[in-house]
Amino acid sequence: MKHFEANFDGLVGPTHNYAGLSFGNVASLNNAAAISNPRAAAKQGLKKAKALADMGMVQGMLAPQERPDLHTLRRIGFSGTDAEVLNKAAKQAPALLRACCSASSMWTANAATVSPSADTHDGKLHFTPANLVDKLHRSIEPETTGNILAATFNNSRHFTHHQHLPEHNSFGDEGAANHTRLCKNYGNAGVELFVYGQEATNPAAPKPSKFPARQTLEASQAIARLHQLDDDNTVFISQNPNVIDQGVFHNDVIAVGNQNVLFYHEQAFLDTQSKLDEIKRKFGDSELHFIEVPTSKVAIQDAVKSYLFNTQIITLPSGEMAIIAPTNCQENEAVHAYLNEVVTLGSPIKQVNYFDVKQSMQNGGGPACLRLRVAMNDMELAAVNQHTLMNDALFTRLNAWVDKHYRDHLSVDDLADPQVLIESRTALDELTQIMKLGSVYQFQK
Ligand SMILES: NCCC[C@H](NC(=O)CCC(=O)O)C(=O)O
């Protein structure tokens, strides 16, 4: 049986826009009210996904969410026809309308936490959608995320889908963005690293003072229980609150792991040495590469701007590893120099490939944010909805679909236009047929 890691990228939705919704996410705030290009955003994402498929990786796509979210707007009291709901919300509560129009589900690293069958007691792959309670615009994602995951991984013999955690700050959960898995081979039991920003039930524990810590220890522990993980294969690590206050709103802005490589900034964690020792102990005998990037080489500001750590580290079919980086890393001198050096360090990382995902980067989402990792075997892959898997035909079809339905220019003021709602629903209705998802959206029920 073959084991590998698949990447499921979020297809960028037709309402991709810059609304400045994410306090603590520097790019989102800096680009508030800029004009977006949803068509280019979707195509940049598709191009990256297709390139990985062409490298021999298993690559899937996850459908976007229904936006504007009329269901939520009605739930909070806006009534009348769809056009009236949009119009009233735009006049009376423009910030709430913007929160209901974000295409933020594109960042599927925040869709869920995934534990592969090699790690879990019952030998199934476990998914828990993230509740994303810290941000209003993201807190409306989990239910539909659950529907989309269930329609994509639609086989109860292999896949277990849990409900998202209770919707309260005590259980603030941001999904795989705060989770990394180290393993020898993808089919071996691994060590799952859960990185949290605060402890909800221990006010004396360190936490940031300026920006929110979105992930709690309690949420991470709940996920580990739900996914039937053991103490032997989990490590809970506190993020350094000082870096959260400098814009590291998710751990995947400052650390990333793959197989026996952990790539992280020296300031990423608290109690770093004892945590690395614990990882080593739980990982077992074989070789482990800790690639620690010192501040003297890359300052936190440069890491946040360039997204050096929001890169994907992938294992190519040859067994060598490659870094998938945003072109922003080439544009930052210190970071580019570091990436030129990293391939010479004698670690499994042998190449760096750059992709332009600027439309997403401008909202604080790099290559790693755009994908959900699912380590699996070929039997499990056969049980996945095959219409979600990237290949020449799906790539051509989705690009044509984007060309047909997406605008190349969208401002936050356009979001109240009923025509945007019609375009978006028409596009998504067609998408559910292309990807054979059934009725995953409210407007289809
Ligand atoms: N993993 C990357 C997530 C980026 C995402 N940005 C946003 O939602 C910005 C949306 C806006 O401001 O329009 C976030 O902060 O959760």
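Keep in mind the model is a prediction, meaning the values are calculated, not measured.

### Considering the site of the ligand
Around the ligand, the surrounding shell holds 19 residues, and the nearest of these are L21, S22, S28, H137 and C369. One of the backbone nitrogen or oxygen atoms of L21 is found 2.7 Å away from an oxygen atom of the ligand. One nitrogen or oxygen atom from the side chain of H250 is found 3.5 Å from a nitrogen atom belonging to the ligand. When the ligand is considered free in solution it has 430 Å² of accessible area, and contact with the protein chains removes 100% of it. Of the residues contributing to the shell around the ligand, the split by class is six nonpolar, eleven polar and two charged.

### A look at helix α16 (residues 418-434)
For α16, which comprises 17 residues, the first-to-last C-alpha distance of 25 Å matches the rise-based estimate of 24 Å (1.5 Å per residue) to within 8%. Every buried residue belonging to α16 is among V420, L421, S424, R425, A427, L428, L431, T432 and I434, and all of these are buried. Summarising the contacts, the buried residues of α16 are in contact with α3 (70-75), α4 (82-92) and α15 (392-405). The residue sitting at the N-terminus of α16 and contributing the capping side-chain oxygen is D417; that oxygen lies 2.8 Å from the backbone nitrogen of Q419.

### Observations regarding the sheet that holds strand β9 (residues 255-258)
Within the open sheet, the three strands sit side by side as β9-β10-β11. Their pairing is mixed. Each of the sheet's edge strands pairs with one partner strand only, and the pair in question is β9 and β11 (289-293). Here the average twist between neighbouring strands, direction ignored, is 10°. Here strand β10 (residues 261-265) pairs with β11 via five bridges, running parallel. Bridge pairing in β11 links V261 to H289.

### Some points on the pattern of salt bridges
According to the stated counting rule, one finds 22 salt bridges in the structure shown. Between D134 and K135 there is a salt bridge; the shortest N-O distance is 2.6 Å. D134 gets classed as partly exposed once you look at its relative accessible area, which sits at 25%. When salt bridges that share partners are traced, they join E66, R74, D82 and R425 into one network.

### Focus on the sheet that holds strand β12 (residues 312-315)
Sheet strands pair via backbone hydrogen bonds, and the direction of the pair is either parallel or antiparallel. Read from one edge to the other, the open sheet built from three strands follows the order β12-β13-β14, with strand pairing classed as mixed. Each edge of the open sheet carries a strand with a single partner, namely β12 and β14 (349-355). Across the sheet, the axes of successive neighbouring strands diverge by a mean angle of 25°, strand direction being ignored. For strand β13 (residues 321-326) and β14, the ladder comprises six bridges, and the chain directions are parallel. Paired with M321 across the strands is I349, a residue of β14. Docked against the sheet, helix α12 (residues 333-342) engages β13 and β14, running at close to 145° with respect to β14.

### Let's talk about the pairing of β9
Here β9 shows no split at all, with A255 and G257 on one side and V256 and N258 on the other all buried. One ladder, built from four bridges, connects β9 with β10; its direction is antiparallel. Across the sheet, the residue bridging to N258 is V261, located in β10. The turn linking β9 back onto β10 is made up of two residues, and Q259 within it adopts a positive phi angle of 45°.

### Comments concerning the pairing of strand β4 (residues 125-129)
Regular strands show a simple pattern: their side chains alternate between the two faces of the sheet. Of all five residues making up β4, five are buried, and the element is well covered by its neighbours. The alternating pattern of β4 places L125, F127 and P129 and H126 and T128 on opposite faces, both of which are buried. Pairing between strand β3 (residues 112-115) and β4: four bridges, direction antiparallel. Bridge assignment links T113 to a residue of β4, and that residue is T128. Across three bridges, β4 lies against strand β5 (residues 159-161) in parallel orientation.

### Some points on the UniProt feature "active site" (unreviewed entry) in the protein
In the UniProt entry, the feature "active site" (unreviewed entry) is given for E174, H250 and C369. For this annotated set, covering 196 residues, all C-alpha atoms fall within 11.1 Å of each other, a compact arrangement in space. With respect to the secondary-structure elements, H250 resides in the loop between α9 (241-244) and β9. Overall, H250 belongs to the buried group, its relative accessible area being 1%. When sequence neighbours within four positions are dropped, the list of residues in contact with H250 reads N110, E174, A177, N178, R214 and Q239. Polar side-chain contacts of H250 include one of 2.7 Å to the side chain of E174.

### Overview of the environment of P206
Within the secondary structure, P206 sits in the loop between β7 (191-196) and α8 (217-226). Those residues in contact with P206, other than ones at most four positions away along the chain, are G197, Q198, P241 and L270.

### Section: unusual backbone geometry
Here the amide bond leading from R67 into P68 is cis, since omega sits at 0°, within 30 degrees of zero. Relative to the helices and strands, P68 is located in the loop between β2 (59-62) and α3. Of note, D271 is a non-glycine position whose phi angle comes to about 50°, a positive value. Mapped onto the elements of the fold, D271 is located in the loop between β10 and α10 (272-283). The phi torsion at K436 lies on the positive side, around 50°, for a residue other than glycine. Relative to the elements of secondary structure, K436 occurs in the segment after α16. Take K436: its relative accessible area is 53%, and that puts it in the exposed class.

Rules of the game
- Residues numbered from 1 in each chain as written.
- Predicted model: local features only at pLDDT ≥ 70, side-chain atom pairs only at ≥ 80, totals over all residues.
- Heavy atoms only, no water.
- Near = heavy atom within 4 Å.
- Polar contact = N/O pair within 3.5 Å; in protein donor to acceptor, adjacent residues only side chain to side chain.
- Areas by Shrake-Rupley, 256 points an atom, 1.4 Å probe, with all protein chains shown as cover.
- Nonpolar A, V, L, I, M, F, W, Y, C, P; charged D, E, K, R; others polar.
- Helix = DSSP H or I, 4+ residues; strand = E, 2+ residues; numbered from the N terminus.
- Expected span 1.5 Å × (residues − 1).
- Buried < 20%, exposed > 50% of the residue type's maximum accessible area, 1.4 Å probe, protein only.
- Contact = heavy atoms within 4.5 Å.
- Pairing = 2+ DSSP bridges.
- Axes fitted to C-alpha atoms, helices over the stretch in contact; angles between N-to-C directions.
- Salt bridge = Lys/Arg side-chain N within 4 Å of Asp/Glu carboxyl O.
- UniProt positions renumbered as here; feature names shortened; annotations may be inferred.

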